[in-house]
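# Structural overview for review
As a plain string of letters, each chain reads:
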Amino acid sequence: QVQLVESGGGLVQAGGSLSLSCAASGRTFSNYAMGWFRQSPGKVCEFVACITRSGNAYYADIVKGRFTISRDNAKNTVYLQMNSLKSEDTAVYYCAADGGTNINYERPSVYEYWGQGTQVTVSS
């Protein structure tokens, strides 16, 4: 089992920045690819970014150039730095862990473990 706890959400004005953290515990963190997803009311869970075990990062087109995912294996933590936030970034953000091949990293179904989510609200 892997336990994931997100933090760092909150209210920010459009154009501002927030940094999310996701602390992992349980199994060896470095064995997992880590992803960030988000979901807003009435919408499906949406891929945001992921980072592989080796540190390669992938982003959804809608956040590319604005968001940065990183990981610190010594701290068992994955981060999501969000800049130039827009009202449409408002959602609950979830981190997730994938112990498999991570080939289909955009699909929520490939991730085995999920955090409880943290709310990000961007006011226009």
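Analysis parameters
Residues numbered from 1 in each chain as written. Predicted model: local features only at pLDDT ≥ 70, side-chain atom pairs only at ≥ 80, totals over all residues. Heavy atoms only, no water. Pairing = 2+ DSSP bridges. Helix = DSSP H or I, 4+ residues; strand = E, 2+ residues; numbered from the N terminus. Axes fitted to C-alpha atoms, helices over the stretch in contact; angles between N-to-C directions. Contact = heavy atoms within 4.5 Å. Disulfide = S-S within 2.5 Å. Buried < 20%, exposed > 50% of the residue type's maximum accessible area, 1.4 Å probe, protein only.

## A short note on the sheet that holds strand β3 (residues 18-25)
Through backbone hydrogen bonds, the strands of a sheet pair up, either in parallel or in antiparallel fashion. The strand order across the open sheet built from four strands is β1-β3-β8-β7, with neighbouring strands paired in antiparallel fashion. Every other strand in the sheet has two partners, leaving β1 (3-7) and β7 (67-72) as the edge strands with one partner each. Across the sheet, the mean angle separating the axes of adjacent strands is 15° when strand polarity is ignored. In terms of strand pairing, β7 meets strand β8 (residues 77-82) through six bridges, oriented antiparallel. Bridged to Phe-67 within β8 is Met-82.

## Looking at the environment of Ser-21
Residue position: Ser-21 is located in strand β3. With 56 residues separating them in the primary sequence, Ser-21 and Thr-77 have C-alpha atoms 6.7 Å apart. When neighbours within four sequence positions are excluded, Ser-21 is seen to be in contact with Val-5, Glu-6, Ser-7, Trp-36, Thr-77, Val-78 and Tyr-79.

## Overview of the environment of Val-12
Relative to the helices and strands, Val-12 is located in strand β2 (residues 10-13). The spacing of Val-12 and Ser-124 is 112 residues in sequence and 9.1 Å in space, taken between C-alpha atoms. When neighbours within four sequence positions are excluded, Val-12 is seen to be in contact with Ser-17, Leu-18, Leu-85, Thr-121, Val-122 and Ser-123.

## Some thoughts on the state of the cysteines
For the structure shown, the criterion picks out one disulfide. Sulfur-sulfur distance for the disulfide between Cys-22 and Cys-95 comes to 1.9 Å. Handedness of the Cys-22-Cys-95 disulfide follows from its S-S torsion of about 45°: it is right-handed. Of the two residues, Cys-22 is situated in strand β3 and Cys-95 in strand β9 (residues 91-98); the sequence distance between them amounts to 73 residues. Cys-45 takes part in no disulfide bond, and the closest cysteine sulfur to it belongs to Cys-95, at a distance of 12 Å. Residue Cys-45 is classed as partly exposed on the basis of its relative accessible area, which comes to 25%. The structure places no disulfide on Cys-50, whose sulfur is separated from the nearest cysteine sulfur, that of Cys-95, by 13 Å.

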